[in-house]
Amino acid sequence: MVQQNIVRVVNPNDLEVIRKSKNYLSRIVIRDGLVLHSKNTDELIHALFPTLPTSFTVITDSTVNKTYGLKILGIFSKIAKTNLIVVSPGEKSKTFRSCLKIIRELSRLNVDRDAVVVLLGGGVVGDLGGFAASIYKRGIRQVHVPTTLLAQIDSSIGGKNGVNTADGKNQVGTVRQPDAVLVDPKFLETLPSSQILNGIGETIKYGVIASSAIFKSLEENCPFRVQDLSRLVEPCCRIKARVVSKDEFDLNFRSILNYGHTIGHAVEASSHYKLGHGLAVMIGMLCEGWIARELGIFESSDFTRQNALIKKILPKSTAPRLSAMASKSIRRYALGDKKNTEGKLMMSLPQKIGKMHSTATGSYRIEIPLQMVEPSVAYAKTALNTEK
Ligand code: ADP
Ligand code: ZN
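Definitions and limits used
- Sequence order as written defines residue numbering, which begins from 1 separately in each chain.
- Written order decides the labels, with chains lettered from A and ligands numbered from 1.
- It should be noted that, the model being predicted, local features are given only for residues of pLDDT at least 70 and side-chain atom pairs only at 80 or more, the latter also being counted only at that level, while totals for whole chains, interfaces and linings use all residues.
- Hydrogens and waters are ignored; side-chain quantities use all the structure's heavy atoms.
- Put simply, DSSP H or I for four residues or longer makes a helix, DSSP E for two residues or longer makes a strand, and each gets a number counted from the N terminus.
- Each residue after the first adds 1.5 Å to the expected span of a helix.
- When accessible area is computed with a 1.4 Å probe and restricted to protein chains, residues below 20% of their type maximum are described as buried, those above 50% as exposed, and intermediate ones as partly exposed.
- Whether two residues are in contact is decided by their heavy atoms, any of which lying within 4.5 Å being enough.
- Counting of polar contacts relies on pairs of N or O atoms within 3.5 Å, with two restrictions inside protein: one atom must be capable of donating a hydrogen and the other of accepting it, and residues adjacent in sequence are counted only when both atoms are side-chain atoms.
- Geometry is summarised by axes, namely lines fitted to C-alpha atoms with helices restricted to the contacting stretch, and by angles between N-to-C directions that run from 0 to 180 degrees.
- The sense of a crossing depends on the near helix, which, turned anticlockwise from the far helix by less than a right angle, makes the crossing left-handed and, turned clockwise, makes it right-handed.
- As a working rule, the residues Ala, Val, Leu, Ile, Met, Phe, Trp, Tyr, Cys and Pro are called nonpolar, Asp, Glu, Lys and Arg charged, and the rest polar, with Gly in that last group.
- The pairing criterion for strands is at least two bridges between them, as found by DSSP.
- Charged residues are defined narrowly, with Lys and Arg counted positive, Asp and Glu counted negative, and His plus the chain ends left uncounted.
- Between Lys or Arg on one side and Asp or Glu on the other, a salt bridge is scored when a side-chain nitrogen of the former is within 4 Å of a carboxyl oxygen of the latter.
- What the arc measures is the spread of directions leading from the helix axis to the C-beta atoms.

1. A word on helix α3 (residues 62-77)
Point 1. The first and last C-alpha atoms of α3 sit only 19 Å apart over 16 residues, clearly below the 22 Å expected at 1.5 Å per residue.
Point 2. Every buried residue belonging to α3 is among V64, Y68, G69, I72, L73, I75 and F76, and all of these are buried.
Point 3. Contact partners of the buried residues in α3: α2 (41-48), β3 (55-61), β4 (81-87) and β5 (116-121).
Point 4. Measuring from the backbone nitrogen of T63 back to the side-chain oxygen at the start of α3 gives 3.0 Å, which picks out D61 as the cap.

Written out as C-alpha cells, the structure is:
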C-alpha cells in the first residue's frame, strides 16, 4: 500500500501553497538564509500554523543556544509566548533521564496540547526533544530547525526520534512527523569541520542508495567547502522526503536509508559513541558494501568507487580507532539491530551507485549470514590501513 500526504518539500516563497499543504503530515521548507537572514519568518510560521499555537518551547543544547538561542527566541516570541529548555550537548544526552527532565520542564512551564515544541540543534536535540514532544500529553506538535548537516539532510526529516539504551542506539522511540522542518544551510557556517565530516557520511549514503549525481558531485568537490555541501542539502532532503512518503513506518522501502547503518550503529556502539555517527556509517558502508559484493549484488567497480571516496574522506585517525575495536563486539551489536527479525541479520544493500537491490518479491531487506559480519569488519580494517 502506498501512503500519501506524508512529507512535502514546499517553496518558502509560496505562502499560499504552504497554507494549503496542511493536509500533509510534515512540510519541509529549505532555503539558504530561511531562518537566519529572512525578514518574514513570522509570515512563514503563520502560513504553517494558521491556528496559532498557545505557546512555543524552544529545546536546544547549550552550544547552539550560545550562538543562536536569542535569534530564534526573537523570531518565535513575536508570534506567541516562547519558552526555552536547554540540554547538554552530545550523544550522551540521548537518554530516558534527559527525556524525563524535558517532560518535567514542559509540565512546569504549563505547556498544553495546543503548543508547539521547536527543536533547534543537531540530531541529538531533534531525536531527544522529538521523542519527549511525541509522548508528552500523548504527543504535541513540533517544528525542527536543524543546525547540523546530519540533522538537515537526515535526522530531522521523517519523524523518527528516540533515545539510546544500554542495548544500543535509538532502541526506544516513536515515529511522529514534525509539522514542519525549517532547513537553513546558513547554520552550517559555524559548524566545526568534524561535524561537517559527520554529515558527509549520510550524503555519501544518499549518493549510493539513490543518486549517482550526488555521488559524482561529492567525488568532484572533495575536499569540501561549505558552499558545495549547502548545495547538496536540498537534493538529499528530497530523497529522504520521497522515501519516507512511500513507506512512513519502515515496512520495506524505507529500509534503503539504513544502508551502512546495521554495522555502522554497531561500530558506533562499540566505540561507546565516541566515534561520530557519520564516520561510523562510512565504516558501515565499507563493511556492508563488501558483503553486497561478496554476495554478487554490488557491482565490483562501483564498490571500488564507493570505497575510494570513503577512504579519501575518513580522517586518518579512524583506522587505529577501528582496529582497536573487537570484531566480536561489532557482531554482537549488529545482531541486536532493530531491523533484524527472529534473530536473523537483515540488511539493505546496493546494486550499483544510485540504485538499491530488491529481491524478486520486491523486498529491500535481505537476510545476511551472521558469519559474514566479522570478515566484513576485517576487510574495513585492512582497507583503512592501506595507503589511500
Ligand atoms: P548530530 O546532528 O550529528 O547528531 P549533535 O546534535 O550531537 O550532532 O551536534 C553536534 C555538536 O555540534 C553539538 O555539540 C552541537 O552543540 C554542535 N552544533 C550543532 N549545530 C551547530 C552549529 N550550527 N554551529 C556550531 N555548533 C553546532
Ligand atoms: Zn544515519
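2. Things to note about the packing of helix α7 (residues 193-210) against helix α11 (residues 277-294)
Point 1. Interhelical geometry of α7 versus α11 gives an angle of 40° and a closest axis separation of 6 Å. Both α7 and α11 take part in a crossing whose hand is left-handed. Along its contact with α7, which presents L197, N198, G201, E202, I204 and K205, the element α11 presents H277, G278, L279, V281, M282 and M285.
Point 2. Residues that form the contact of α7 with α11 fall into these classes: six nonpolar, four polar and two charged.

3. What to know about the pairing of strand β8 (residues 168-172)
Point 1. Of the pairings in the sheet, the one linking strand β7 (residues 163-165) to β8 comprises two bridges and is antiparallel in character. The residue bridging T165 from the neighbouring strand is G168, located in β8.
Point 2. In this antiparallel pair of consecutive strands, β7 and β8, the connection spans two residues.

4. Structural notes on the side chain of K381
Point 1. Residue position: K381 is located in helix α15 (residues 373-385).
Point 2. Of the side chains with opposite charge, E374 comes closest to the buried, unpaired K381, at an N-O distance of 8.2 Å.
Point 3. Engagement of the side chain of K381 in a polar contact is seen with the backbone oxygen of M325, the distance being 2.7 Å.
Point 4. Setting aside its immediate chain neighbours within four residues, K381 contacts L322, S323, M325 and S327.

5. Overview of helix α14 (residues 327-335)
Point 1. Within α14, burial applies to S327, S329, I330 and A334. Seen end-on, α14 carries its buried residues on one side only, within an arc spanning 160°. Within α14, the exposed residues directed more than 90 degrees away from the buried face are K328 and R332.
Point 2. Tucked inside the fold, the buried residues of α14 contact α10 (261-270), α13 (318-323), β10 (345-347) and α15.

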